[in-house]
Amino acid sequence: MHIIKGSNLFILLFLAIGCSQESNESTHVSDAPQPIQIRADGYYQSAKETVLKLNVIAESFGRSVLAFITQPDQINVESCREIWLLLHKVFIQLDFYFYAELRSDEVRALLFNIHAWPLEPGFIDSLPEYPTSGIINDLTVELSKTSLRQQHGVTSAEEISVGLHAAEYLLWQRSLADFQPVSELREQQVEDGLVLQQLSNNRRRLVLKLISDILKEDLISLRSFLIIDQKINRSYVVNDPLYAIQQALKDSRNELALISSVDQQNHSEFSQSSLQNILSRLEIIHRSYSSDTNLSAALQSLDRQLAAEFQQTLATTLLEIQSLRPGDSDGITRLMTLITLLEHHIGEVMTLLAEQTQYEIRG
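Residues numbered from 1 in each chain as written. Predicted model: local features only at pLDDT ≥ 70, side-chain atom pairs only at ≥ 80, totals over all residues. Heavy atoms only, no water.

**A few points about the confidence of the model for the protein chain**
Here's step 1: Of all residues in the protein chain, 87% attain a pLDDT of 70 or more, and the chain-wide mean is 87.
Here's step 2: Within the protein chain, no element has a lower average pLDDT than helix 1 (residues 8–22), which sits at 44, and none a higher one than helix 7 (residues 164–173), at 98.
Here's step 3: Residue range residues 1–7 is modelled with pLDDT below 50. Its contacts to residues more than four positions away, or to other chains, number 20 contacts.
Here's step 4: A low-confidence stretch, residues 9–35 stays under pLDDT 50, and its non-local contacts, those more than four residues away or across chains, total 41 contacts. (pLDDT = per-residue confidence, 0-100. Helix = DSSP H or I, 4+ residues; strand = E, 2+ residues; numbered from the N terminus. Contact = heavy atoms within 4.5 Å.)

Structural data, given as structure tokens:
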């Protein structure tokens, strides 16, 4: 199916509603309702506010990382994790509003730096069976923002050294003991010619700090790009709601499938937050459909039954995921069925719009 981007779908929705009403105008002139004007100012404002959050939360994450490596205890690591989850949620919201824009040639490399996954843990740090593997343990790799950027995706898309999911791995998969500062060398380390900065714990602390610094820089760059583009033409840069909803449902279904996969790495596998990712998308779908726009009323005028079915299914899906727990295979199956049904409903809506528009064009 051809996807209509930007304000064009709003125009088609207006035409479709107007055409449907005009077809009955000759026999019911006095009773014909006026075409519904699509109101999306709240939707555009939400997109703008999401962009503006980026640097604030990135700075907050950087401060939490600094506090953690200064005092690597449970309280500080939990603070880092909490802010990471918030930052990742904002990025999911950003992807909702700017799905097509974030995949444009202008920002593709920047997006890979910010949100690359899946990743190979052994590329960045040691594995139990390979205790000297990873950038952190490779003393031939000088640790700096420049070197980490150079290592990122150097020979494979899974060789990830920067971004949200590199930070996620370190914060959830490495123990507190791995971040304790080491201020004295053992006798053997002295004999081997090592210095304190070369010890894995100290390098790991530095890598986490560098990743947070790079992430902040990249998110600020992305923020600037999106702000400028929104000012030029917000209705082109920001996805129209139906397209955004369609893509978010597709991403949610794909992420849900990964939860049950034994062959592929889950999105947010290390933090076990994939269900939170899906919930975030469903919440923003609900807001975009029900309050930030008047899509709910507009679609009811096109097909009241279809609009009612979509809204009821969405409400049921939100209730299902809010009570779902990781490992509940039956619940995951039910959720998959509901999300697939929502996709089907949106597909029906977009097909209906296309048919109505063709009817209007033919006169």
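**Quick look at unusual backbone geometry**
Here's step 1: Cis geometry marks the peptide bond from Trp117 to Pro118, where omega comes out at -5 degrees.
Here's step 2: By secondary structure assignment, the location of Pro118 is in the loop between helix 4 (108–115) and helix 5 (121–124).
Here's step 3: The phi torsion at Ser268 lies on the positive side, around 60 degrees, for a residue other than glycine.
Here's step 4: In this fold, Ser268 is placed in the loop between helix 10 (241–259) and helix 11 (274–290).
Here's step 5: For Ser268, a relative accessible area of 2% translates into the label buried.
Here's step 6: Of note, the phi angle at Gln272 is positive, near 55 degrees, even though the residue is not glycine.
Here's step 7: Residue placement: Gln272 occurs in the loop between helix 10 and helix 11. (Buried < 20%, exposed > 50% of the residue type's maximum accessible area, 1.4 Å probe, protein only.)

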